[in-house]
Amino acid sequence: MIQYILRRLLQVIPVFLGTTLLVYFMVFALPGDPIRALFGDRPPSEAVIAALRRQYNLDQPFWVQYGLFLKNLFTFNLGVDFTGQPIAATLGRIFPVTAMLAVEALAIQAVFGVAFGLIAGLRKGKLFDSTVLVASLVVIAVPTFVLGFVLQLVVGVQLGWAKPTVGANADWGTLILPATVLGLVSFAYVLRLTRASVIENMNADYVRTATAKGLSRPRVVLAHILRNSMIPVVTYLGANLGGLMGGAIVTEGIFNVPGVGQKLYQAVIRSEGPTVVAIVSVLVLVFVAANLLVDLLYAWLDPRIRYEK
Amino acid sequence: MRFSRTSKALGVLAVAALALTGCGSASSGNSAPTAAGDPNKIITAYSNEPQHPLIPSNTNEVYGGRVVDLLFEGLTSYDANGKSVNALAESIDTSDGQNYTIKVKKGAKFTNGEAVTAKSFVDAWNFAALSTNAQASSSFFESIEGYDAVSATKKETGADGKSTTTPAPTAQTMSGLVLKDDSTISVKLAQPEADWPQRLGYSAFMPLPADALKDPKAFGENPIGNGPYKMAAKGAWQHDSQIALVKNADYQGPRMAKNGGVTFKFYTDPAPAYTDIQANNLDVTDVLPTNALKTYTADFPDHNLNKAYAGNATLNIPNYLPEFQGDAGKLRRQAISMAINRDEITKVVFNGTRIPAKDFTSPSIDGYNANVAGSDVLKFDAAQAKDLWAKAEAISPWPAGKTLQLAYNTDGGNKEWIDAVANNLKNNLGIKAEGQPFAKFAEILNLRKAKTLPGFTRAGWQADYPSLFNFLGPLLKTGASANYEGYSNPEFDKLLTEGLASKSTGDANKKFTQAQEILFKDLPNLPLWYQARQAVWSQNVTNVDSGWNGVLLYYNITAK
């Protein structure tokens, strides 16, 4: 087990180097001069441009720039972005916000998705089941930004139940609206996955055995049907967590959430290579961690799954 | 049995849902309505993360600029009409437009208690101009003698044959800037520029406390100024979220705050801000989402602003085009100008967010005159346009089959109005006209400089400081830096020079108006429309207006 985890962690190194190199190169290859873009119609003197270029190592060739970036990374010095802000502080600010949003969205889709999916599966073909199926289809079909704008307008402006945007005061309460929007689409998928899985497992031999043994209905449903139905759902949720941490550019934009998506978008627009690469580096680590967590959960959910040495 | 279990489960879900939404509404409880006209209300306003630390001389973009403008007070400031008025300057005297003696008022203080003296200005200006400090607005000091020494560069050719430019100042301070005593500054310019004092209200010319020069980076995070507002606390700049300013009670000057403070909330997109105003969750925004430009007057009746600021759009005519030279050329210029229906285009294409031009400058500038003699040529009159064109044809005919090309850059949303202008010319003059697209404005500029552009080009000008001259001199004076079309008229040049040498702004403006009369005869370019600022505000505030440069006058906004 420990060997397995270690090997998985070792795999992170080439993945990490590869992605940062790729992203760094892509930002480097972006057209336009990031220093000149800092100035509007009135260009500064050549001397100022030269001084800034030197300050951010932009006068160096690509390999030197990338090397300096790696060197700084391993000495835990992420440097400053073009606005003079330490990048480490930026990361420390945006990731908690997005993490909160992601966890809240994940909680919404997991709790509601599994609950509704379980009930629908158990009551297959009944009114509840068909209603939920149709409703989830509608949710999947509607694009996120439509859901976002409608919820924002109805709940935020017309009913006034919640503030329409998040801004500076991001906490569990203010993030509920964007988290709902973000969670809704995946909620529909989780629901359908759970339902399909539950229906399949309901007719499994071990469920019949458990019922025949005289186990109580709740125990059969929770310990046998639900637990065994969770494997595809957990895979999906785990992959989703990585995606959610990457920041939802559209949803964060609609609700003005100062998170990863917004910052990444802005950094790309401003050709801020170091910021983009720093954010992506953290995202790579998050994805790897989320995948590892999912793989470890399999063994807990289904003891028949064993890890090769 | 099973039924009751599921209904129990549903019940649990319902409770969970209530708890979740409950926690949402609890934190969003609308703040209690403030008393009518509460003078201590904190105004919340749309903004975005400033691109640089908040040092006035390093702030050259709008979102940092609006904060710095409120935190600092310079020698002069601009009133709502774009008039430059003395703020910290007791007097600014010159006898020749080249040598200035500036007296600084006594008694003003930075919010840390330090006195604002002549030294606060001189040190700040020298800091800003020195190239190794890499200040974004350093070029604003280029008129002062000795600027070339502090901004000198040297070119090096590396081993790889690539040449790199490095800053290599030969002096640390400008020789033309001299501190006479605690309240006197003497300034020598490289050449006479009578409108130089009108620039002193710009943020690059603000004074700085001594701490700022010791550690500019730390200062830029928590700036200490002398303006109508101060930072609410240390760390009031919450990056990517907001900047909170509160009224500076010690401030004495022309821009007294009429509210308790201004909190700039950051939005990377204007749409959520618009929604927030609708929900009274934000007080004022000066950037509207594109799709709201059609609806904002209906969405916010009596709560919206659409006001011209110091920027304009023109159609420029290169003077090397043979068809537009001589008497026939003059007639053709007039004909084309009168064939363009500015009212209709601003209304239909721009939804009224541009204002039809009546002169070569801008209505937000002191000395603006909407009725300069000859400005009738900007009024749409299809019949007369046709008439004038026919007269030109009688002198020298338009080359058979020639299409008049109108160059524009496609990255700025220009296609629609260029097409509308081309249609105007086709329908009203019966000539072939079409847009000539370029990806970037810089491409057009290169052709204009090389004098190889085959037709007209769109152009725009944003004033650096509120002066009629700034719209005329740099663009149309013989050999001026931005006079790409090569217009030259000695009579016009003479009036500009006389204007600059005038004793009072009023006299100068008279000369500049006379200069415009010449432009209306020559039509070196065709003024189309003025840029305008659109803003909307919530039910909670009133008295929202914009200044000469389109920036809202935040200090005048009051609670309702």
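Here the structure is a predicted model, which means the values were calculated and not measured.

Looking now at the overall build of chain A. Check the secondary structure of chain A and you find 13 helices and zero strands. The principal-axis extent of the C-alpha atoms belonging to chain A is close to 85 × 60 × 30 Å. Excluding contacts between residues fewer than 6 apart, the proportion of contacts in chain A whose partners are at least 24 apart in sequence is 75%.

Summing up its helical and strand segments, chain B has 16 helices and 22 strands in all. Principal-axis analysis of the C-alpha atoms places the extent of chain B at approximately 95 × 75 × 60 Å. Counting over 560 residues, chain B shows a buried share of 48%. Nonlocal contacts in chain B, meaning residues at least 24 apart in sequence, comprise 68% of its contacts between residues at least 6 apart.

Right, let's get into the sheet that holds strand 9 (residues 184-188) of chain B. Residue and element names in this part refer to chain B. With antiparallel pairing, four strands are arranged side by side in an open sheet as 4-5-9-8. At either end of the open sheet lies a strand with only one pairing partner, and these are strand 4 (89-94) and strand 8 (177-181). Strand-to-strand twist of the sheet, defined as the mean angle between neighbouring strand axes without regard to direction, takes the value 20°. Sheet analysis places strand 8 next to strand 9, joined by four bridges and oriented antiparallel. Following the sheet pairing, L179 is matched in strand 9 by I185. Sheet contacts for helix 3 (residues 118-129): strand 5 (99-104), strand 8 and strand 9; angle to strand 8, the most-contacted strand, approximately 165°.

A few words on the confidence of the model for chain A. For chain A, per-residue confidence averages 83 on the pLDDT scale, and 94% of positions sit at 70 or higher. For chain A, the element scoring lowest by mean pLDDT is helix 2 (residues 34-37) of chain A, at 69; helix 5 (residues 87-122) of chain A scores highest, at 91.

Right, let's get into the pairing of strand 17 (residues 403-409) of chain B. Residues and elements named next belong to chain B. Pairing analysis gives seven bridges linking strand 17 to strand 18 (residues 432-438), with the strands arranged parallel. If you follow T403 over to strand 18, its bridge partner there is K432. In terms of strand pairing, strand 17 meets strand 19 (residues 456-462) through two bridges, oriented parallel. Within strand 19, the residue paired with L406 across the bridge is F456.

Right, let's talk about the interface of chain A and chain B for a bit. Between chain A and chain B, the contact holds 53 residues from the first and 51 residues from the second. Those elements giving two or more residues to the side of chain A that touches chain B turn out to be helix 3 (46-55), helix 5, helix 7 (144-158), helix 8 (176-202), helix 11 (249-254) and helix 12 (260-269) of chain A. Element by element, the count of residues in the side of chain A that touches chain B is highest for helix 3 of chain A, at eight residues. For the side of chain A that touches chain B, the residue count by class is 24 nonpolar, 18 polar and eleven charged.

Another aspect to go through is unusual backbone geometry. Excluding glycine, residues mostly have negative phi values, and the peptide bonds linking residues are mostly trans. Residue and element names in this part refer to chain B. A positive phi angle, near 55°, is found at N280, a position not held by glycine. Mapping N280 onto the fold places it in the loop between helix 7 (270-278) and strand 14 (284-285). Located in the positive-phi region is K451, a residue other than glycine, with phi close to 55°. Structurally, the position occupied by K451 is in the loop between helix 13 (441-450) and strand 19. Residue K451 is classed as partly exposed on the basis of its C-beta count, with 13 C-beta atoms lying within 10 Å.

Before going further, it helps to spend a moment on the packing of helix 9 (residues 205-212) of chain A against helix 10 (residues 217-245) of chain A. Residues and elements named next belong to chain A. It is at 10 Å that the axes of helix 9 and helix 10 come closest, and there the two elements cross at 155°. Accordingly, the angle class assigned to the pair helix 9 and helix 10 is roughly antiparallel. When you trace helix 9 past helix 10, the crossing you get is right-handed. Every residue of helix 10 that contacts helix 9 at Y206, V207, A210 and T211 is listed here: V220, H224 and I225. Broken down by class, the residue content of the contact of helix 9 with helix 10 amounts to five nonpolar, two polar and no charged.

This next bit is on helix 2 (residues 62-71) of chain B. Buried residues dominate helix 2 of chain B, accounting for seven of its ten residues. Looking at the packing, one finds that the buried side of helix 2 of chain B touches strand 1 (42-47), strand 10 (229-231), strand 12 (242-247) and strand 13 (261-266) of chain B.

Another aspect to go through is the confidence of the model for chain B. Counting all residues, the mean pLDDT for chain B is 87, and 92% of those residues have values of 70 or more. Model confidence for the complex is summarised by a pTM of 0.81, with the ipTM given as 0.79.

This next bit is on the packing of helix 10 of chain A against helix 13 (residues 273-301) of chain A. All names here are of chain A. At a minimum axis distance of 8 Å, the contact between helix 10 and helix 13 shows a crossing angle of 170°. Of the possible angle classes, the one that applies to helix 10 and helix 13 is roughly antiparallel. Contact residues: R227, M230, I231, V234, T235, G238, L241, G242 and M245 in helix 10; L283, V286, F287, A290, N291, L293, V294, L297, Y298 and L301 in helix 13. Of the residues contributing to the contact of helix 10 with helix 13, the split by class is 14 nonpolar, four polar and one charged.

Counting residues in each nonpolar core, the largest one holds 141 residues, and the members touching the most others are W125(B), V284(B), A335(B), L406(B) and L472(B). The contact partners of L406(B), leaving out residues within four places of it in the chain, are L315(B), I418(B), V421(B), A422(B), A433(B), G435(B), Q436(B), G455(B), F456(B) and R458(B). Ranked by size, the runner-up nonpolar core spans 63 residues in total, among them L237(A), L244(A), V260(A) and L264(A).

Moving on: the environment of G238(A). Residue and element names in this part refer to chain A. Within the secondary structure, G238 is located in helix 10. The buried category is assigned to G238, around which 21 C-beta atoms lie within 10 Å. In the structure, G238 is positioned 90 residues away from G148 in sequence and 23 Å away in space, judged by C-alpha atoms. Every residue in contact with G238, bar those within four places of it in the chain, is listed here: A290, N291, L293 and V294.

Let's shift gears to the pairing of strand 9 of chain B. The side chains of a regular strand alternate, first on one face of the sheet and then on the other. All names here are of chain B. Residue alternation in strand 9 divides its side chains into a buried set, I185 and V187, and an unburied set, T184, S186 and K188. Bridge analysis of strand 5 against strand 9 gives five bridges, and the strand direction is antiparallel. Paired with T101 across the bridge in strand 9 is S186. Counting the residues in the hairpin turn of strand 8 and strand 9 gives two residues.

For the rest of this paragraph, the subject is the environment of A482(B). Residues and elements named next belong to chain B. With respect to the helices and strands, the residue A482 is situated in the loop between helix 14 (468-476) and helix 15 (490-500). As a C-alpha pair, A482 and W461 span 21 residues in sequence and 9.8 Å in three-dimensional space. Residues within four places of A482 in sequence aside, it is in contact with P474 and L475.

It is worth spelling out the environment of F25(A) at this point. Mapped onto the elements of the fold, F25(A) is located in helix 1 (residues 2-28). Between the C-alpha atoms of F25(A) and Y66(A), which are 41 residues apart in sequence, the distance is 8.5 Å.

What counts, and where the lines are drawn
- Residues numbered from 1 in each chain as written.
- Chains lettered and ligands numbered in written order.
- Predicted model: local features only at pLDDT ≥ 70, side-chain atom pairs only at ≥ 80, totals over all residues.
- Helix = DSSP H or I, 4+ residues; strand = E, 2+ residues; numbered from the N terminus.
- Contact = placed C-beta atoms within 7 Å.
- Buried ≥ 20, exposed ≤ 12 C-beta atoms within 10 Å, placed from the backbone.
- Pairing = 2+ DSSP bridges.
- Axes fitted to C-alpha atoms, helices over the stretch in contact; angles between N-to-C directions.
- pLDDT = per-residue confidence, 0-100.
- Nonpolar A, V, L, I, M, F, W, Y, C, P; charged D, E, K, R; others polar.
- Parallel < 35°, antiparallel > 145°, perpendicular 65-115°, else oblique.
- Left-handed = near helix turned anticlockwise from the far one by under 90°.
- Core = buried A, V, L, I, M, F, W, Y, C linked by C-beta atoms within 7 Å.

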